[in-house]
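Fold and contact review
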Amino acid sequence: MTGFQLPKGALELTDEDFSDEMVGLLDEVADNLNGKCKYHELLYWEGKPAAIAKDLNAKIPKTFKFESLDTGDTEDGGGYEQFVLKDPKTWYAGVWIQGEKDVILAWCSVVKK
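In what follows, the accompanying structure is described. (Residues numbered from 1 in each chain as written. Predicted model: local features only at pLDDT ≥ 70, side-chain atom pairs only at ≥ 80, totals over all residues. Heavy atoms only, no water.)

Section: the pairing of strand 3 (residues 65–73)
Where strand 3 meets strand 4 (residues 79–86), eight bridges bridge the pair, whose relative direction is antiparallel. What sits directly across from Asp73, in strand 4, is Gly79. Between strand 3 and strand 4, which pair antiparallel in sequence order, lie five residues; one of them, Gly77, sits at a positive phi of approximately 90°. (Pairing = 2+ DSSP bridges. Helix = DSSP H or I, 4+ residues; strand = E, 2+ residues; numbered from the N terminus.)

Following this line, the structure appears as structure tokens:
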């Protein structure tokens, strides 16, 4: 995420490079916040999902408040979580998808409608 130190080794995709379905998920999360996505990004890591999650969580600045919006299971036995990270100046809508051997983090910066 912008200004965040992310775990190394991610494949990074921006707006034009990832699925309309994922963009739609992020737009839905932003809409639930009475906002809209300004910029989308998707990060993909292969291997050790629990270690990647632990590393990422440790690097989120303490100024941000994490709020989980929805969780569930994926068809391949993994799980997902829709969330928002906020500080007084910035909001990020995100979707975390954790499989057995990989992780996807899709996020967007949210602006007021």
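From this point, the discussion proceeds with the structure in view.
Details of the state of the cysteines
Note: disulfide means a covalent bond formed between the sulfur atoms of two cysteine side chains. In this structure the tally under the stated criterion is one disulfide. Sulfur-sulfur distance for the disulfide between Cys37 and Cys108 comes to 2.0 Å. One disulfide, between Cys37 and Cys108, carries an S-S torsion of -50° and so falls in the left-handed class. Of this pair, Cys37 sits in strand 2 (residues 35–46) while Cys108 sits in strand 6 (residues 102–112); the two residues are 71 residues apart in sequence, bridging distant segments of the chain. Overall, the relative accessible area of 15% leaves Cys37 in the buried class. Taking the relative accessible area as the measure of exposure, Cys108 reaches 0% and is therefore buried. (Disulfide = S-S within 2.5 Å. Buried < 20%, exposed > 50% of the residue type's maximum accessible area, 1.4 Å probe, protein only.)

Focus on helix 1 (residues 20–32)
Look at helix 1: 18 Å from first C-alpha to last across 13 residues, which is about the 18 Å you get at 1.5 Å a residue. All buried positions along helix 1 are accounted for by Met22, Val23, Leu26, Val29 and Ala30. The buried residues of helix 1 occupy one face: seen down the axis, they fall within an arc of 120°. Residues of helix 1 that are exposed and point more than 90 degrees away from the buried face comprise Asp20, Glu21 and Asn32. Along its buried surface, helix 1 packs onto strand 2, strand 3, strand 4, strand 5 (91–98) and strand 6. Once helix 1 finishes, Asn34 follows within two positions and takes phi at roughly 60°, a positive value. (Expected span 1.5 Å × (residues − 1). Arc of directions from axis to C-beta. Contact = heavy atoms within 4.5 Å.)

What is shown is where atoms sit, not what they do.
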